[in-house]
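Survey of secondary and tertiary structure
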Amino acid sequence: MSVAILLAGIVMLDCMGAIAKHLVERYPAQQISLARNIFGLLPTFSILLWDARGRINIGSIRLRQWQLGFARGLMVAVAQLALYGSYLYLELATVAVIFYCQPLFIAMLAVPWLGERVGIWRWGAVLGGFVGVVLVIGPGTDMFSWSGILPAVAAFFYANSLVLMRRFDKSASHAAINLYAQAGAIAGSLILLLTTTDAVMPDGSAAEIFIDLGLALLLGGFGGFGVYFLTLAYRRTQASLLAPFEYFGVLSALVIGWIVFSEWPVQRIFPGVVFIIGAGVVIILRQRRASRRPA
């Protein structure tokens, strides 16, 4: 069940990426990040209402580790700036492939942050998946230019925010955790906007402005629900177990890039996709074997 939740969140975030790539041609990445976080409050409060059965009170939004929740939001703001900025230079699929070094960061960070023991099979699966990502994008492409660093920076900060989910109390509400992270992301993205660039006011006809606002609303919706699904998945299952399944986002980004931007580098998929799928199969088999062992 956690894997299905994770995959749903990944597809939503890839849809968010496609919208951000469209908007970044006219608005600075910092402004897109702020819009995503502000409109992301709508799914956050919707989830909070759902968890609280329609009644929001102090108890439903109280979080003992609020500092950790806020810090996760600041990490997300930095990651968003790097990710959205990369769309200005790289194709959607290229960004997705570089960004999906995130599972490698997750497996690595799970050791110091969570004290998890990652065996050689899991390390091998994650590294094999990363090899597959490199094969998909291919040497000599944008991945090896300076702009390719931006998605990797985003992956590192997102990986930190995901792994830290396991540090919260088991009794903490998923919606409350997301709310504090959302507050931190809004504060972080606003600070970055005010200190690094000037905001751009919507320009064009009323219809064009309305479309941009609608896209910003979708940006927040896909991002808010996508992050919530990832949050839910990583709180239910060990981070290092879920990490290889993040590579599914490479395939979904390729499909979305083809539909929206007419990008379909089929020749780049093989043989890398074999490594990516193989990494997930190895993790599933190892998990089943571990579950059969006597306690």
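Cut-off values and rules
Residues numbered from 1 in each chain as written. Predicted model: local features only at pLDDT ≥ 70, side-chain atom pairs only at ≥ 80, totals over all residues. Heavy atoms only, no water. Helix = DSSP H or I, 4+ residues; strand = E, 2+ residues; numbered from the N terminus. Buried < 20%, exposed > 50% of the residue type's maximum accessible area, 1.4 Å probe, protein only. Contact = heavy atoms within 4.5 Å. Areas by Shrake-Rupley, 256 points an atom, 1.4 Å probe, with all protein chains shown as cover. Core = buried A, V, L, I, M, F, W, Y, C linked by side-chain atoms within 4.5 Å. Patch = residues over 30% accessible without salt bridge, like charges linked within 9 Å, V, L, I, M, F, W, Y side chains within 5 Å. Salt bridge = Lys/Arg side-chain N within 4 Å of Asp/Glu carboxyl O. Phe/Tyr/Trp six-rings, centres within 6.5 Å; stacked < 30°, edge-to-face > 60°. Lys NZ or Arg CZ within 6 Å of the ring centre and 35° of its normal. pLDDT = per-residue confidence, 0-100.

Each helix and strand in the protein was counted, giving 14 helices and zero strands. N-terminal to C-terminal, the α/β element order of the protein is α-α-α-α-α-α-α-α-α-α-α-α-α-α. The burial tally for the protein puts 50% of its 295 residues in the buried class. Considering only residue pairs separated by 6 or more positions, the protein has 88% of its internal contacts joining residues 24 or more positions apart. When the accessible surface of the protein is summed, it comes to about 13,900 Å², and 69% of that surface belongs to carbon and sulfur atoms.

In terms of nonpolar packing, the biggest core is built from 62 residues, with Leu6, Ile32, Leu83, Tyr84 and Tyr87 touching the most fellow members. Among the elements that line this core, the one with the most residues is helix α1 (residues 2-23), at eight residues. The residues touching tyrosine 84, leaving out its near neighbours within four places in the chain, are Met16, Ala20, Val24, Ala29, Ile32, Ser33 and Arg36.

Here the focus is a nonpolar patch on the surface. Taken together, the side chains of Val255, Trp258, Ile259, Val260, Trp264 and Val266 define a hydrophobic patch exposed on the protein surface, amounting to about 570 Å² of accessible area. Relative to the assigned elements, valine 260 resides in helix α13 (residues 248-261).

Under the counting rule described, the total for this entry stands at six aromatic pairs. Ring plane angle 50 degrees and centroid distance 6.1 Å describe the contact between tyrosine 228 and phenylalanine 229, whose orientation is recorded as tilted. What makes tyrosine 228 buried here is its relative accessible area of 11%. Its relative accessible area of 23% is what places phenylalanine 229 among the partly exposed residues. Looking at lysine 21, its charged tip hangs above the ring of phenylalanine 261, at a distance of 5.5 Å from the centre.

Taken as a whole and assessed by the stated rule, the structure comprises two salt bridges. A salt bridge links arginine 26 to aspartate 212; the nearest nitrogen and oxygen atoms lie 2.5 Å apart. A residue pair is termed long-range when its members are at least 10 positions apart, and arginine 26 in the loop between α1 and α2 (29-39) and aspartate 212 in helix α11 (residues 206-236) qualify at 186 residues. Looking at aspartate 212, the relative accessible area reads 6%, which means it is buried. Between arginine 64 and aspartate 169 there is a salt bridge, and its shortest N-O distance comes to 2.9 Å.

Further remarks concern the confidence of the model for the protein. Of all residues in the protein, 87% have pLDDT values of 70 or greater, and the mean over the chain is 83. Within the protein, α2 carries the highest mean pLDDT (95), whereas helix α4 (residues 58-61) carries the lowest (64).

Its place among the elements puts glutamine 30 in helix α2. With a relative accessible area of 13%, glutamine 30 lands in the buried category. In contact with glutamine 30, not counting residues within four places along its chain, are Leu81, Ser189, Leu192, Leu193, Thr196 and Thr197.

Moving on: α2. Most of α2 is tucked away: eight of the 11 residues are buried. Among the residues of α2, Ala29, Gln30, Gln31, Ile32, Ser33, Leu34, Arg36 and Asn37 are the ones counted as buried.

Another point: the environment of phenylalanine 261. Mapped onto the secondary structure, phenylalanine 261 falls in helix α13. Relative accessible area serves as the criterion here: at 24%, phenylalanine 261 is assigned to the partly exposed category. Spatially, the C-alpha atom of phenylalanine 261 lies 8.9 Å from that of glutamate 91, the residues being 170 residues apart in sequence. Not counting the four nearest positions on each side in its chain, phenylalanine 261 is found in contact with Ala18, Lys21, His22, Leu92 and Ile256.

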